[in-house]
Every structure is written in structure tokens, then in C-alpha cells.
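Topology and contacts: notes
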Amino acid sequence: MFGAVVVGIGIAGCVRIRDILAPLPGSPAEKLTIRGFISRRSLDPQQGICQIPIQEALSRDDIQVAFICTENMLHEENIRAFLQAGKHVCVEYPMTMDYKAAVELVDFAEKKGVILHEEHIELLSEDYKALKREVEGKVLQEGTLHFTGGPLKPGSGFPAFSGIARLTWLVELFGELSVTAATVDLHSDRNYSKMTATLLTLDNRPLTWIEERGPNLHRAKHINFQFDTCTLTQIPATSRGAVGLFMQDLTYFSAKLMDQVSQEELQREKKRVLHCLKLAERIQQVCQG
């Protein structure tokens, strides 16, 4: 069994506790057991699980795994602390707000012989899987992905990092990208932000990624992908998957812990994660001049 601690008790942290307590039957996640949770606040037990100090979690031999579910800005320092203690880490995206730091953490995890997993539930969603099938085999001419949603919470970071799930979609659909232009419009007084990034595929096909957030914006993804044979303007309608997204991610992470994921797949994922973080950093640099 792998003893686990959850760091951060927001929505994601509570879902992690719930899923570890009731894992998918017959899945690798059954090998996890929850030992406690960590929070900056002093809290009563959550779902029957007690709060423990971070130093206790770092030193206990019966805790081998940490789930980092804090604000984005705090991910890096928590990852570093648990890796230093020789613990496996599952962190909500983005791993860090700094590409160089991400490379250092990935290398550090490998030297320690532990797993560092960045959650990407957006790649497990039924709408993404359906879109992936639609795109398969088609030749892109140009495209746009426009995301809208409510205001970002404090500590979320620059939009290219907080919205890295959308960037990950584009990289998984169309391959490695480069940044040619980027702008950002920030109005903190109105809780409004709009980032626009112009990207190029390896075939020099343009993609525009827009990340727009504000108080009256509904959460939605709008696409316009023009191919040699057709144009996609809607994500295919799908029914909800039988297994929740966080449960799917928990099962996949647990399979890594049990050495059930091939080295080829691990290296492909590592390359994609670091590529997306490098793109996000480049977009931020261009936006900030």
C-alpha cells in the first residue's frame, strides 16, 4: 500500500480524498490509502480524515505519496519539499510558473527515483476524445480555440499557465508549436482578462489561442479548425463518461506508482508537459514585452 497525504483542501483536494477513500474497484488506485491532509487553515476532519502538519507528512515513513492541490503559485515549493523527502508527487496543473524550475523538478524526481505526475484531466474528457477522433487524419490549414470562463482566483498565475489545459489540447491535437505573437488585456478592477496567443505548427499552420475570463462569462470552449477537407466549428456532443475525470487520473497515477506505464509513454508525457510549460512561459514573456 502507498500511504498518501493531500495538500490543500479546496474542491480538487476534497475530490482527491473522496476518490482515494472509494477507488475504482480492481484498479491500481486500490493500492492507495489516505493518511491525512494538510492545510494552512486549522480544520476539522474532512470525510473522516484528520489534518496533520506538513513536517510530519514529510518525515513519516508510512506516507509515500503527496497530492498537491494548492493554489498554482504554491505548487513548486510543495513539490520540491516532497521530492526532497523522497515522496511521489501528483500535482494539479500547472506544475510550476517557470519552465526552468519545471525541468529541475522533473530531473530531481528522476534522480530520487520517484514519480512526479502533472494532472491533465482535460485529456481524459469525452469531448476531447471525440474531438481527437474528428481531427485524426485531417490536414490543418488554420484554427482558433477560444476559452471563456469566470474570473481567476488569486494565486492562479498568468493566463498562459492557469489555462495550460487548453494549450495542452492544441499540442496533443496538432503537435509541437511555436509562439509568434501574444497580447494580454488585464483589468483587475473588473476581474477581466483576455490573452491572445498566435502559434505555429511544425508545418507553419497558424493557430490562435484565446483565454478570456470575466464575471459574466460562461465556461465554454469555442473552436474553428479549418482542414483541407472540412471545417470544425463545434466540439462533438458526447455523453458523460462512466468514470469521473479525477478518478481516471488517480488510476493512471497509481499505475505509474506500480510500474504499469511504459517508459515510452512516460517519456512522451514528460516531453509534452515540458513543451507546454515552455510555450506558456514564452507567451508570458511576449505579452510582457
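Scope of this entry: the structure provided in the associated data block. These figures come from a predicted structure and were not determined experimentally.

On to the overall build of the chain, then. Scanning the chain from terminus to terminus reveals 9 helices and 11 strands. Taking 19 Å as the expected radius of gyration for a compact globule of 289 residues, we find that the chain reaches 19 Å, a close match to that expectation. Principal-axis analysis of the C-alpha atoms places the extent of the chain at approximately 55 × 45 × 35 Å. Burial statistics for the chain: of 289 residues in total, 48% are counted as buried. Of the contacts made within the chain by residues no fewer than 6 positions apart, 73% connect residues no fewer than 24 positions apart. Looking at the chain as shown, the accessible area adds up to about 13900 Å², and 49% of this sits on carbon and sulfur atoms. Positive and negative side-chain charges in the chain, numbering 32 and 36 respectively, have mean positions lying 1 Å apart.

What the 5 strands build is an open sheet, ordered β2-β1-β3-β4-β5; its pairing is parallel. Since the sheet does not close on itself, it has two edges, and those belong to β2 (32–38) and β5 (116–118), each with one partner. Going from strand to strand, the sheet's axes swing by 20° on average, the running direction of each strand aside. The sheet contact formed by strand β1 (residues 2–7) and β2 spans 6 bridges and is parallel. Paired with Val5 across the bridge in β2 is Gly36. Sitting on the sheet, helix α8 (residues 245–257) is in contact with β1, β2, β3 (65–68), β4 (88–91) and β5, with an inclination near 160° to β4.

Let us look at the nonpolar core. Counting 59 residues, the largest nonpolar core has Phe82, Leu116, Leu199, Phe225 and Ile283 as the members making the most contacts within it. The contact partners of Leu116, leaving out residues within four places of it in the chain, are Ile79, Leu83, Val89, Val91, Met95, Leu105, Val106 and Ala109. Grouped together as the second largest cluster of nonpolar side chains are 21 residues, Ile20, Ile49, Cys90 and Phe253 included.

Quick look at the packing of helix α4 (residues 99–112) against helix α9 (residues 263–287) now. Between α4 and α9, whose axes approach to 9 Å, the crossing angle comes to 160°. Comparing the axis directions of α4 and α9 gives the class roughly antiparallel. Within the contact between the two elements, α4 uses Tyr99, Lys100, Ala102, Val103, Val106 and Glu110 and α9 uses Gln267, Lys270, Leu274, Leu277, Lys278 and Glu281. Each residue belonging to the contact of α4 with α9 can be placed in one class, and the counts come to 6 nonpolar, 1 polar and 5 charged.

This paragraph deals with the packing of aromatic side chains. According to the stated counting rule, one finds 4 aromatic pairs in the structure shown. A ring pair is formed by Tyr128 and Trp169, whose centres lie 5.5 Å apart and whose planes are at 45°; its orientation type is tilted. Here the residue Tyr128 occupies a position in helix α5 (residues 126–135), and Trp169 occupies one in helix α7 (residues 164–174), the gap between them amounting to 41 residues. Neither residue differs from the other here; Tyr128 and Trp169 are each classed as buried. Taking NZ or CZ as reference, Arg166 lies 3.6 Å from the ring centre of Phe147, over its face. Sitting over the ring of Trp169, Lys221 keeps its end group 4.8 Å from the ring centre.

Okay, the side chain of His75 next. Checked against the element boundaries, His75 lands in helix α3 (residues 75–84). With a relative accessible area of 0%, His75 lands in the buried category. His75 has contacts with Ile68, Thr70, Val91, Glu92, Tyr93, Pro94 and Met95, leaving out every residue within four places of it along the chain.

This part covers unusual backbone geometry. For the peptide bond that leads from Tyr93 to Pro94, omega is -10°, which places it in the cis range. Counting through the fold element by element, Pro94 comes out in the loop between β4 and α4. At Gln47, a position not held by glycine, the phi torsion is positive, near 55°. The residue Asn191 is not glycine, and still its phi comes out positive at about 55°. Residue Asn191 is classed as partly exposed on the basis of its relative accessible area of 46%.

In this fold, Ser162 is placed in helix α6 (residues 159–162). Residue Ser162 is classed as buried on the basis of its relative accessible area of 9%. A polar side-chain atom of Ser162 sits 3.4 Å from the main-chain carbonyl oxygen of Pro159. Once residues lying within four places of it in the same chain are set aside, the contact partners of Ser162 are Asn72, Tyr93, Leu152, Ser156 and Gly157.

Procedures and definitions
Residues numbered from 1 in each chain as written. Predicted model: local features only at pLDDT ≥ 70, side-chain atom pairs only at ≥ 80, totals over all residues. Heavy atoms only, no water. Helix = DSSP H or I, 4+ residues; strand = E, 2+ residues; numbered from the N terminus. Rg over C-alpha atoms; globule rule 2.2 N^0.38 Å. Buried < 20%, exposed > 50% of the residue type's maximum accessible area, 1.4 Å probe, protein only. Contact = heavy atoms within 4.5 Å. Areas by Shrake-Rupley, 256 points an atom, 1.4 Å probe, with all protein chains shown as cover. Lys, Arg positive; Asp, Glu negative; His and termini not counted. Charge placed at Lys NZ, Arg CZ, Asp CG, Glu CD. Pairing = 2+ DSSP bridges. Axes fitted to C-alpha atoms, helices over the stretch in contact; angles between N-to-C directions. Core = buried A, V, L, I, M, F, W, Y, C linked by side-chain atoms within 4.5 Å. Parallel < 35°, antiparallel > 145°, perpendicular 65-115°, else oblique. Nonpolar A, V, L, I, M, F, W, Y, C, P; charged D, E, K, R; others polar. Phe/Tyr/Trp six-rings, centres within 6.5 Å; stacked < 30°, edge-to-face > 60°. Lys NZ or Arg CZ within 6 Å of the ring centre and 35° of its normal. Polar contact = N/O pair within 3.5 Å; in protein donor to acceptor, adjacent residues only side chain to side chain.

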